[in-house]
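# Residue-level structural notes
Take a look at the letters that make up each chain.
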Amino acid sequence: IYYAYGDNIKEPIIIFQVPQDHWVVITAEILFLGNIIFSYPLVIYVTNQVIESNIFGSMAYSETRKWLKNLSRTLVIAASLAISSAFYYYLPKILGLIGVLLGTTVVMITPALLSNNHVAESCFSRCINYSLIVYAAIVTVFLAFFLIYTWDSGAGH
């Protein structure tokens, strides 16, 4: 899509740029909606657990605690909506930066480290794992730098 539209992209979420009446686009949007519906509660659950354990961890169970936790959860959702609305045009870059930083760590670096500690027995296996770690670190630094360097291009509509 970037290749086809080039600098004429007007929407930060690229799927909104393509013709909306094609069945492939409709299917992709439904799948994207499903992704949001299932992933948002997972992220918010962890956020709420951390906040609630820090704020309400020593508080005994009561009706007040229950309603304060509900208020806290409401504020977390309101804050996420406010932040995503305020940074709407930067969301692809923010998600890209998070994806680069966390994705390479989770997908490439962590398995290689675990393999070195628990599975790799030969020097060759360890060298392959360390090569993967170095490659992932270089790619992470390069892509993060590129995203930050091009941060303002196409944003701020």
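Along every chain, residues carry numbers that run from 1 in the direction the sequence is written. Residues qualify for local features only when their pLDDT is at least 70, as the model is predicted, and side-chain atom pairs are given and counted only at 80 or more; totals for whole chains, interfaces and linings, by contrast, use all residues. Processing note: side-chain calculations cover all non-hydrogen atoms of the structure and skip hydrogens and water entirely.

This part takes up the packing of helix 2 (residues 23-56) against helix 3 (residues 63-86). Interaxial distance between helix 2 and helix 3 falls to 10 Å at its minimum, and their mutual angle equals 135°. Here helix 3 runs oblique to helix 2, going by the angle between their axes. Both helix 2 and helix 3 take part in a crossing whose hand is right-handed. Contact with helix 2, carried on its side by Tyr40, Ile44, Thr47, Asn48, Ile51, Glu52 and Phe56, involves Arg65, Leu68, Lys69, Ser72, Arg73, Val76, Ile77 and Ser80 of helix 3 and no other residues of that element. Under the scheme applied here, ten amino acids are nonpolar (Ala, Val, Leu, Ile, Met, Phe, Trp, Tyr, Cys and Pro), four are charged (Asp, Glu, Lys and Arg), and all others, including Gly, are polar. Across the contact of helix 2 with helix 3, the residue classes break down as 7 nonpolar, 4 polar and 4 charged. Under this scheme, a helix contributes an axis fitted over its contacting stretch, all axes are lines through C-alpha atoms, and angles between N-to-C directions fall in the 0 to 180 degree range. Only DSSP runs of H or I with at least four residues qualify as helices, and only runs of E with at least two residues qualify as strands; both kinds are numbered from the N terminus onward. Roughly parallel means an angle under 35 degrees; roughly antiparallel means over 145; roughly perpendicular covers 65 to 115; every other angle is labelled oblique. Handedness of a crossing follows from how the near helix is turned relative to the far one, being left-handed for an anticlockwise turn of less than a right angle and right-handed for a clockwise one. Contacts between residues were defined by any pair of non-hydrogen atoms, one from each residue, lying within 4.5 Å.

Moving on to the environment of threonine 150. Position of threonine 150 relative to the elements: it lies in the segment after helix 5 (123-149). Between the C-alpha atom of threonine 150 and that of lysine 93, which follows or precedes it by 57 residues, the distance is 9.2 Å.

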